Amino acid sequence: MLANQGYAAYANNKIMTASPAELTLMLYEGAIKFANLAIEAIDANDIQKAHNNIMKVQRIIEEFQSTLDHKYLVAKDFDEVYNYLLMRLREANIKKDKDIMEEVLKHLRTMRDTWKEVMRTAHASR
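Residues numbered from 1 in each chain as written. Predicted model: local features only at pLDDT ≥ 70, side-chain atom pairs only at ≥ 80, totals over all residues. Heavy atoms only, no water.

## Here's the deal with the confidence of the model for the chain
For the chain, mean pLDDT is 91; residues scoring 70 or higher make up 89% of the total. Within the chain, the lowest mean pLDDT, 61, falls on helix 1 (residues 2-16), and the highest, 98, falls on helix 3 (residues 47-66). (pLDDT = per-residue confidence, 0-100. Helix = DSSP H or I, 4+ residues; strand = E, 2+ residues; numbered from the N terminus.)

## Concerning the nonpolar core
Core analysis: the biggest nonpolar cluster contains 28 residues, and Val-57, Ile-61, Tyr-82, Leu-89, Met-101 and Leu-108 have the highest contact counts within it. Listed by contribution, the elements that provide at least two residues to this core are helix 2 (20-43), helix 3, helix 4 (74-95) and helix 5 (98-124). With 9 residues, helix 2 is the single largest residue contributor to this core. (Core = buried A, V, L, I, M, F, W, Y, C linked by side-chain atoms within 4.5 Å. Buried < 20%, exposed > 50% of the residue type's maximum accessible area, 1.4 Å probe, protein only.)

## A few points about helix 5
Counted at 1.5 Å a residue, the expected span for helix 5 with its 27 residues is 39 Å, and the 38 Å between its end C-alpha atoms agrees. Among all positions in helix 5, only Ile-100, Met-101, Glu-103, Val-104, Leu-105, Leu-108, Met-111 and Arg-112 are buried. The elements touched by buried residues of helix 5 are helix 2, helix 3 and helix 4. For helix 5, the N-terminal capping position is held by Asp-97, with its side-chain oxygen 2.8 Å away from the main-chain nitrogen of Asp-99. (Expected span 1.5 Å × (residues − 1). Contact = heavy atoms within 4.5 Å. Polar contact = N/O pair within 3.5 Å; in protein donor to acceptor, adjacent residues only side chain to side chain.)

## A closer look at the pattern of salt bridges
Enumeration according to the criterion identifies 9 salt bridges in this entry. One salt bridge in this structure joins Lys-116 and Glu-29, with 4.0 Å as the shortest N-O distance. Of this pair, Lys-116 sits in helix 5 while Glu-29 is found in helix 2, placing the two residues 87 residues apart along the sequence. Glu-80 is paired through a salt bridge with Lys-76; the nearest N and O atoms lie 2.9 Å apart. Placement of both Glu-80 and Lys-76 in helix 4 is noted, with a separation of 4 residues, approximately one turn of the helix. Look at Glu-80 and you get partly exposed, because its relative accessible area is 43%. (Salt bridge = Lys/Arg side-chain N within 4 Å of Asp/Glu carboxyl O.)

## Observations concerning the packing of helix 3 against helix 4
Where helix 3 contacts helix 4, the axes come no closer than 10 Å and their chain directions differ by 165°. As summarised for this structure, helix 3 and helix 4 are arranged roughly antiparallel, according to the angle between their axes. Once helix 3 is placed against helix 4, the crossing between them reads as left-handed. For the pair helix 3 and helix 4, contact is made by His-51, Ile-54, Met-55, Val-57, Gln-58, Ile-61, Glu-62, Phe-64 and Gln-65 and by Asp-79, Tyr-82, Asn-83, Leu-85, Leu-86, Leu-89, Arg-90, Ala-92 and Asn-93, respectively. Split by residue class, the contact of helix 3 with helix 4 holds 10 nonpolar, 5 polar and 3 charged. (Axes fitted to C-alpha atoms, helices over the stretch in contact; angles between N-to-C directions. Parallel < 35°, antiparallel > 145°, perpendicular 65-115°, else oblique. Left-handed = near helix turned anticlockwise from the far one by under 90°. Nonpolar A, V, L, I, M, F, W, Y, C, P; charged D, E, K, R; others polar.)

## Details of the side chain of Arg-88
Position of Arg-88 relative to the elements: it lies in helix 4. Arg-88 gets classed as buried once you look at its relative accessible area, which sits at 16%. Polar side-chain contacts of Arg-88 include one of 2.7 Å to the side chain of Glu-103. Ignoring sequence-local partners within four residues, the contact set of Arg-88 consists of Ile-100, Glu-103 and Val-104.

## Regarding the packing of helix 2 against helix 5
At their nearest, the axes of helix 2 and helix 5 sit 9 Å apart, and the two run at 160° to each other. Relative to helix 5, the element helix 2 is oriented roughly antiparallel. For the crossing formed where helix 2 meets helix 5, the hand is left-handed. Tallied by class, the residues present in the contact of helix 2 with helix 5 amount to 15 nonpolar, 2 polar and 8 charged.

Here it is in structure tokens:
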């Protein structure tokens, strides 16, 4: 029990001290983790666990979407991608479709990897 409290304190501190860029990366990592858990649950025919994890991915995507700054043209493109992912997540949840979740996971990994490259490039240019 004490080890769990220590980990929780560490995780909370990591979040509280993270930059906005690091928080974005953490959200991508979380969405990927929950998508993987949903796929495992679909494989195990655990409908409730699949639903719960798909909903967690949806909430992360909704958070990304709500923080878009529409004064930049690229926000429209991201908004369309997020809308597409949300549509696919809803479909995957209704059908408990592993293939759709694999597609969403592929997009999330690409977006995460692109974000890592943006962070690396920004850090190198300082």
